[in-house]
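Secondary and tertiary structure notes
These are the residues of each chain, in order.
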Amino acid sequence: KIGINRCMLVQPDGSTVAEGKAPPKDANDALLRGFDLEEMIQKADVLPHERILTFSELRSQVLHEMLNPEKYVGVSVPSLPK
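So, a few notes on the structure that sits alongside this text.

**Points about the pattern of salt bridges**
Under the criterion given, the structure shown has three salt bridges. The partner of Lys25 in a salt bridge is Asp26, with the nearest N and O atoms 3.9 Å apart. For Lys25, a relative accessible area of 70% corresponds to the exposed category. Among the residues examined, Asp26 registers a relative accessible area of 38% and is labelled partly exposed. A salt bridge links Arg33 to Asp29, with the nearest nitrogen and oxygen atoms 3.4 Å apart.

See the structure below:
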């Protein structure tokens, strides 16, 4: 996996749609039609993923687990050391 911080939503600027042109279907199409891919990538937005969370999104849950460890203790197994 390449990581969430490398997943970006790349779109052409609004002038393309305003001029009645169809947006490029992929990077190759954009290059063939003369789009500035470097500029498009610089303006790209981070693509959020519903199953990847940041620490700030988990902060309260982690704090609760640290302050209340007894609520998160599983069933102890006698053959394993404590």
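**Some details on a nonpolar patch on the surface**
The grouping of Met8, Val10, Ile41 and Val46 at the surface amounts to a nonpolar patch, some 350 Å² of accessible area in total. Considering the arrangement of structural elements, one finds Met8 in strand β1 (residues 8-9). Under the relative-accessibility criterion, Met8 is labelled partly exposed at 35%.

What counts, and at which threshold
- Residues numbered from 1 in each chain as written.
- Predicted model: local features only at pLDDT ≥ 70, side-chain atom pairs only at ≥ 80, totals over all residues.
- Heavy atoms only, no water.
- Salt bridge = Lys/Arg side-chain N within 4 Å of Asp/Glu carboxyl O.
- Buried < 20%, exposed > 50% of the residue type's maximum accessible area, 1.4 Å probe, protein only.
- Patch = residues over 30% accessible without salt bridge, like charges linked within 9 Å, V, L, I, M, F, W, Y side chains within 5 Å.
- Areas by Shrake-Rupley, 256 points an atom, 1.4 Å probe, with all protein chains shown as cover.
- Helix = DSSP H or I, 4+ residues; strand = E, 2+ residues; numbered from the N terminus.

Any functional reading would require information beyond the geometric quantities listed.
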